[in-house]
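# Coordinate analysis (summary)
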Amino acid sequence: MPVYTLPELPYDYSALAPVISPEIIELHHDKHHAAYVKGANDTLEQLAEARDKETWGAVNGLEKNLAFHLSGHILHSIYWQNMTGPKDGGGEPLAQDGVGELADAITESFGSFAGFKAQLTKASATTQGSGWGVLAYEPLSGRLIVEQVYDHQGNVGQGATPILVFDAWEHAFYLQYRNQKVDFIEAMWQVVNWQDVARRYEAAMSRADVLLLAP
């Protein structure tokens, strides 16, 4: 029985157009994300077989594969929910839209929304090779941070909870934006679902006991 399953999209393939084309959404979700789900499940089976047979020669590669595929599954699951149609998304979080707590946290952590937007845009657009730009809640300090994630799992702080993710892998944009990654990242701001980001921020703050925090 598979442990992980591919989540359904919360909208149809054309919902994010013209920012992201229906063709990209279909390929990205149905092929790429599905491959990470399968990879995570397959790796769990291979680890179970290694335990049963007590054959540990491949354990380093298997653990790396699990981190890669599982992180890819998690980040993509957040990614789909983080977006909504251009008519409903984008702009910046405002108190009048019911997301004032998130807006205040962004200002407190980055000085201003403009400063935050610039940092996340640059972090996403300048990833070398494949990766993500991520806004995360860091529980040790209680503040928001931007992370530049290589592949799906590299270069991240332990314990930080991602609440807004920008996929900067070529499969997320190349059919439409070619090699202009920065144009894609700039366009992404038009479809951010701040309601979803705010809910994730509130949930992350409420889970203060998930880490043994340093004194």
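In short, a report on the structure. Here the structure is a predicted model, which means the values were calculated and not measured.

This next bit is on the packing of helix α3 (residues 100-110) against helix α7 (residues 194-206). At a minimum axis distance of 9 Å, the contact between α3 and α7 shows a crossing angle of 75 degrees. The orientation of α3 relative to α7 falls into the category roughly perpendicular. Contact with α3, carried on its side by Glu-101, Leu-102, Ala-105 and Ile-106, involves Trp-194, Val-197, Ala-198, Tyr-201, Glu-202 and Met-205 of α7 and no other residues of that element. Broken down by class, the residue content of the contact of α3 with α7 amounts to 8 nonpolar, no polar and 2 charged.

Right, let's talk about the side chain of Ser-109 for a bit. With respect to the helices and strands, the residue Ser-109 is situated in helix α3. Of the residues examined, Ser-109 reaches a relative accessible area of 12% and is grouped as buried. Residue contacts for Ser-109: discarding those within four places in its chain leaves Arg-143 and Leu-144.

So, about the sheet that holds strand β2 (residues 143-150). Strand pairing in a sheet relies on backbone hydrogen bonds, with the paired strands running either antiparallel or parallel. Spatially, β2-β1-β3 is the arrangement adopted by the 3 strands of the open sheet, whose pairing is antiparallel. Each end of this open sheet is capped by a strand with a single partner; those strands are β2 and β3 (161-167). Neighbouring strand axes in the sheet, compared pairwise and without regard to direction, differ in orientation by 25 degrees on average. Sheet topology note: the strand β1 (residues 131-138)/β3 ladder contains 6 bridges and is antiparallel. Its bridge partner lying in β3, Val-134 is registered against Val-165. Contacts from helix α4 (residues 113-125) reach β1, β2 and β3, with the element oriented near 15 degrees to β2.

The calculated volume of the largest pocket comes to roughly 310 Å³. Looking at the largest pocket, it is lined by 15 residues, and the ones nearest its centre are Ser-71, His-152, Val-156, Ala-160 and Pro-162. Listed by contribution, the elements that provide at least two residues to the lining of the largest pocket are α2 (59-81) and β2. In terms of residue count, the dominant contributor to the lining of the largest pocket is α2 (4 residues). Looking at the lining of the largest pocket residue by residue, the class counts come to 8 nonpolar, 6 polar and 1 charged.

Quick notes on the rules
- Each chain carries its own residue numbering, running from 1 in the written order of its sequence.
- Per-residue local features are limited, in this predicted model, to residues with pLDDT of at least 70; the limit for side-chain atom pairs, both in listing and counting, is 80 or more; totals at the level of whole chains, interfaces and linings are taken over all residues.
- Side-chain calculation: all heavy atoms of the structure are included, whereas hydrogens and water are not.
- Here an angle of 0 to 180 degrees is reported between the N-to-C directions of two axes, which are lines fitted to C-alpha atoms, with helices fitted over the stretch in contact.
- Segments assigned H or I by DSSP are reported as helices when at least four residues long, segments assigned E as strands when at least two residues long, and all are numbered from the N terminus.
- Roughly parallel means an angle under 35 degrees; roughly antiparallel means over 145; roughly perpendicular covers 65 to 115; every other angle is labelled oblique.
- The contact definition used throughout considers only heavy atoms, calling two residues in contact when any of these lie within 4.5 Å.
- Asp, Glu, Lys and Arg are counted as charged, while Ala, Val, Leu, Ile, Met, Phe, Trp, Tyr, Cys and Pro are counted as nonpolar; the rest, among them Gly, fall into the polar class.
- Per-residue accessibility, obtained with a 1.4 Å probe over protein chains only, is compared with the maximum for each type, and a residue is labelled buried under 20%, exposed over 50%, and partly exposed between these values.
- By the convention used here, strands pair only if DSSP detects at least 2 bridges between them.
- Of the grid points, spaced at 1 Å and generated over the protein atoms alone, those admitting a 1.4 Å probe that cannot get out make up cavities, while open sets with protein on both sides within 12 Å along at least five of seven lines make up pockets; any residue with an atom within 4 Å of a point is treated as lining.
- Grid points are joined across faces, edges and corners, and a volume is the space filled by probe spheres set on the points.

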